[in-house]
Amino acid sequence: MGCVKSSNANDQDNRRNIVRKPRPWMHKRPITGEQLADMRNTFWHNAPRFGGRREIWSALRAAAESDLPYAQAIIDNNGIRLRNPDMTVCYDGGGARYELPLYVLAEPTNLQGYVRRPFVVNRPNIIEETLRRR
């Protein structure tokens, strides 16, 4: 007699909804940390204009600027589904699509200097904050 393991769709969805580190990328020309920070700030400032819900954009920003364990908790607690594990394409519970460029998720390989990370990086209480909003 054999034994067959079964799993439900939620188990499969949870396995696919795991945040991974983005692949290395290179900007077309070397940029400084300050230039990268400006690019990121411009994107996040304009992101809600692309559609979707403002609170999901805020959660995506917090996740993008956090370490992987915190990013995973933020994604899970806000009901965000990942099409790509590196968070470049995500969906909210209503099916709205959110596209994130690699430059908001990781530093380029030809970065000159370092990037000053925003205040939300590695904030343990970000998980509690997202849970309170629900």
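Every value quoted in this text rests on a predicted model; they were computed, and no experiment measured them.

Time to look at the nonpolar core. Formed by 22 residues in total, the largest nonpolar core has its most connected members in Trp-44, Trp-57, Leu-60, Ile-75, Met-87 and Leu-100. Among the secondary structure elements, those contributing two or more residues to this core are helix H2 (33–46), helix H3 (54–64), helix H4 (68–77) and helix H5 (102–105). The element best represented in this core is H3, accounting for seven residues. Those residues in contact with Met-87 that lie beyond four places of it in its chain are Val-19, Leu-60, Ala-63, Ala-64, Ile-75, Leu-82, Leu-100 and Leu-105.

Another aspect to go through is H4. Within the span of H4, buried status applies to Ala-71, Gln-72, Ala-73, Ile-74, Ile-75 and Asn-77. Just downstream of H4, Gly-79 is the residue with a positive phi angle, here 65°.

Compared with an ideal rise of 1.5 Å per residue, which puts 14 residues at 20 Å, H2 spans 20 Å between its outermost C-alpha atoms and is within 8% of the ideal. Listed as buried for H2 are Gly-33, Leu-36, Ala-37, Arg-40, Phe-43 and Trp-44. Looking down the long axis of H2, one finds its buried residues gathered within 125° of arc, a one-sided arrangement. Away from the buried face of H2 by more than 90 degrees, exposed residues Glu-34 and His-45 are located. Buried positions along H2 lie against strand S1 (31–32), H3, strand S4 (97–99), H5 and strand S5 (111–112).

Further remarks concern the confidence of the model for the protein. Per-residue confidence for the protein gives a mean pLDDT of 82; residues scoring 70 or more make up 73%. At the low end of the mean pLDDT range in the protein sits helix H1 (residues 9–16), at 51; at the high end sits strand S2 (residues 81–82), at 97. When the criterion is pLDDT under 50, residues 1–13 qualifies, and its contacts beyond four places in sequence or with other chains add up to one contact.

Per the counting criterion, the structure on display carries seven aromatic pairs. Between Phe-50 and Trp-57 the ring centres are 6.3 Å apart and the planes differ by 70°, which places this aromatic pair in the edge-to-face class. Taken together, the ring pairs in this structure connect Phe-43, Trp-44, Phe-50, Trp-57, Tyr-98 and Tyr-103 into an aromatic cluster.

This part covers the pattern of salt bridges. Counting across every chain of the model gives six salt bridges. Glu-55 serves as the salt-bridge partner of Arg-53, at 2.7 Å between the closest nitrogen and oxygen. Taking the relative accessible area as the measure of exposure, Arg-53 reaches 38% and is therefore partly exposed. Judged by relative accessible area, which is 38%, Glu-55 ranks as partly exposed. The shortest N-O distance in the salt bridge between Glu-99 and Arg-97 comes to 2.9 Å. On the basis of relative accessibility, which here comes to 47%, the residue Glu-99 falls in the partly exposed class.

The rules we used
Residues numbered from 1 in each chain as written. Predicted model: local features only at pLDDT ≥ 70, side-chain atom pairs only at ≥ 80, totals over all residues. Heavy atoms only, no water. Core = buried A, V, L, I, M, F, W, Y, C linked by side-chain atoms within 4.5 Å. Buried < 20%, exposed > 50% of the residue type's maximum accessible area, 1.4 Å probe, protein only. Helix = DSSP H or I, 4+ residues; strand = E, 2+ residues; numbered from the N terminus. Contact = heavy atoms within 4.5 Å. Expected span 1.5 Å × (residues − 1). Arc of directions from axis to C-beta. pLDDT = per-residue confidence, 0-100. Phe/Tyr/Trp six-rings, centres within 6.5 Å; stacked < 30°, edge-to-face > 60°. Salt bridge = Lys/Arg side-chain N within 4 Å of Asp/Glu carboxyl O.

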